[in-house]
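# Fold and geometry: a report
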Amino acid sequence: MRKLALPFVLPIVALTFACADAPNPLASVEETAQPMLDTEAASREYQFVAKWGSPGSGDGEFRAPVGVATDVRGYVYVADTQNHRVQVFTADGTFVTKWGSYGSGDGKFRWPRDVATDLRGNVYVADWANHRIQVFTTDGTFVTKWGSYGDGDGEFYYPRDVATDLHGHVYVADYYNHRIQVFTADGTFVTKWGSLGSGDGELSHPRGVETDVRGNVYVADAGNSRIQGFTSDGTFLTKWGSYGAGDGEFRGLVGIATDVRGHFYVADTGNSRVQVFHR
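Summarised in this report is the structure supplied together with it.

About the cut-offs
- Residues numbered from 1 in each chain as written.
- Predicted model: local features only at pLDDT ≥ 70, side-chain atom pairs only at ≥ 80, totals over all residues.
- Heavy atoms only, no water.
- Helix = DSSP H or I, 4+ residues; strand = E, 2+ residues; numbered from the N terminus.
- Buried < 20%, exposed > 50% of the residue type's maximum accessible area, 1.4 Å probe, protein only.
- Phe/Tyr/Trp six-rings, centres within 6.5 Å; stacked < 30°, edge-to-face > 60°.
- Pairing = 2+ DSSP bridges.
- Axes fitted to C-alpha atoms, helices over the stretch in contact; angles between N-to-C directions.
- Contact = heavy atoms within 4.5 Å.
- Polar contact = N/O pair within 3.5 Å; in protein donor to acceptor, adjacent residues only side chain to side chain.
- Core = buried A, V, L, I, M, F, W, Y, C linked by side-chain atoms within 4.5 Å.
- Salt bridge = Lys/Arg side-chain N within 4 Å of Asp/Glu carboxyl O.
- Patch = residues over 30% accessible without salt bridge, like charges linked within 9 Å, V, L, I, M, F, W, Y side chains within 5 Å.
- Areas by Shrake-Rupley, 256 points an atom, 1.4 Å probe, with all protein chains shown as cover.

When helices and strands are tallied, the chain shows 0 helices and 22 strands. Per-residue burial for the chain yields a buried fraction of 53% across its 279 residues.

Turning to the packing of aromatic side chains, a few remarks are in order. Per the counting criterion, the structure on display carries 25 aromatic pairs. On the numbers, 5.3 Å between centres and 45° between planes, the contact of tryptophan 193 with phenylalanine 230 is tilted. You can see tryptophan 193 sitting in strand β15 (residues 189–193) and its partner phenylalanine 230 sitting in strand β18 (residues 226–230), a full 37 residues away along the chain. Across the pair, exposure class does not vary: tryptophan 193 and phenylalanine 230 are buried alike. The structure contains a cluster of three or more aromatic residues connected by ring pairs, namely Trp128, Tyr149, Tyr157, Tyr158, Tyr175 and Tyr176.

This part is about the sheet that holds strand β12 (residues 159–164). Across the sheet, 4 strands lie side by side as β12-β13-β14-β15; this open sheet has antiparallel pairing. Since the sheet does not close on itself, it has two edges, and those belong to β12 and β15, each with one partner. On average, each strand axis in the sheet is inclined to that of its neighbour by 20°, with strand direction left out of account. Both β12 and strand β13 (residues 170–174) contribute to a ladder of 5 bridges, which runs antiparallel. Paired with proline 159 across the bridge in β13 is aspartate 174.

Below, the discussion takes up the environment of aspartate 151. Here aspartate 151 shows up in the loop between β11 (142–146) and β12. Among the residues examined, aspartate 151 registers a relative accessible area of 56% and is labelled exposed. For the pair aspartate 151 and tyrosine 176, spaced 25 residues apart in sequence, the C-alpha to C-alpha distance is 9.1 Å. Apart from the residues lying within four places of it in its own chain, the contact partners of aspartate 151 are Asn177 and Arg179.

Before going further, it helps to examine the side chain of aspartate 212. Inspection of the secondary structure puts aspartate 212 in the loop between β16 (206–211) and β17 (217–221). Of the residues examined, aspartate 212 reaches a relative accessible area of 5% and is grouped as buried. Side-chain polar atoms of aspartate 212 contact the side chain of tyrosine 218, separated by 3.2 Å.

The 4 strands lie next to each other as β4-β5-β6-β7, forming an open sheet whose pairing is antiparallel. Edge strands, defined here as strands with exactly one partner in the open sheet, are β4 (65–70) and β7 (95–99). In this sheet, neighbouring strand axes are inclined to one another by 20° on average, regardless of whether the strands run parallel or antiparallel. Two strands pair when backbone bridges link them, and β4 and strand β5 (residues 76–80) are joined in this way by 5 bridges, in the antiparallel orientation. Bridged to proline 65 within β5 is aspartate 80.

Moving on, we get to the pairing of β13. In regular strands, side chains alternate between the two faces of the sheet. The buried fraction of β13 is high, at 5 of 5 residues. Residues Val170, Val172 and Asp174 of β13 are buried on one face, and the alternating residues Tyr171 and Ala173, pointing to the opposite face, are buried as well. Remark: 5 residues form the turn of the hairpin made by β12 and β13, two consecutive strands paired antiparallel; glycine 168 in that turn has positive phi of roughly 85°. Remark: 4 residues form the turn of the hairpin made by β13 and strand β14 (residues 179–183), two consecutive strands paired antiparallel; histidine 178 in that turn has positive phi of roughly 55°.

This paragraph deals with the nonpolar core. In terms of nonpolar packing, the biggest core is built from 12 residues, these being Ala116, Tyr124, Ala126, Ile133, Val135, Trp146, Phe156, Val162, Val170, Val172, Phe183 and Ala185. Listing elements by their share of this core, those giving two or more residues are β9 (123–127), β10 (132–136) and β13. Look past the residues within four positions of valine 170 in its chain and what remains in contact with it is Tyr124, Trp146, Val162, Ala163, Thr164, Gln181, Val182, Phe183, Thr184 and Ala185.

Let us look at the pattern of salt bridges. A complete count under the given rule lists 10 salt bridges for this structure. Aspartate 71 serves as the salt-bridge partner of arginine 73, at 3.4 Å between the closest nitrogen and oxygen. Two residues, aspartate 200 and lysine 239, come together in a salt bridge whose shortest N-O distance is 2.7 Å. Within this pair, whereas aspartate 200 is found in the loop between β15 and β16, its partner lysine 239 is found in strand β19 (residues 236–240), the two being separated by 39 residues in sequence. Taking the relative accessible area as the measure of exposure, lysine 239 reaches 34% and is therefore partly exposed.

It is worth spelling out a nonpolar patch on the surface at this point. Together, Val72, Leu119 and Leu166 make up a nonpolar patch on the protein surface, roughly 290 Å² of accessible area in all. Secondary-structure assignment places valine 72 in the loop between β4 and β5. With a relative accessible area of 60%, valine 72 lands in the exposed category.

And the structure:
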């Protein structure tokens, strides 16, 4: 379920790392406390595991993959953006299946930017230039879709990122509408928050959205060079970051991911790095 947007990265690379000293995310903490930069991350033991992919359009080849996600069975789903498809692999990179081609019909894509999974076995794809979310089974069978171009409830102006939570909600980073929209798994609109600005709860070109085990929602607020945290109904909790190249500063952040130990991983694209934070 956890994911991190990839700024046009080839190939796919897998790492493991030791973090036995990480804090317990279920421990009692102040929910609005600002996460701190994990300065010990660089000293942890990172071990290369695998990589796969090369430029092309064949099975296991990519053209500008942007989004990646995993499911509870250990499969890896890649939004192969410029090939207008989703590819599925085992954790070691063995090709499993693929679906999608260029177009606007059911099961077709126009530059899919992100992919997410849920506990029910659904796969959600942010179909960028078709201004919609499409839903599939894990083998690529089309299930449903929602969204069209616009700024009304359930409409999108280029959906950039998609995430799910443990309660079956789907969160969409509605990029040029500068907001987050929330839906049920079948596309029923639930709520929304955000508008263009730099104040608390305001957004500028959100590029990433992610949830944690507590049900909180974190947004890569790219135009404001910061991360914002919210409850699942959009109540503002916290924020951190500003423009720059120092620790805790960002330039062109693209995506965010969380783990069960309370860490936050941020793709700081303009600084060519990943930053790690903890509560």
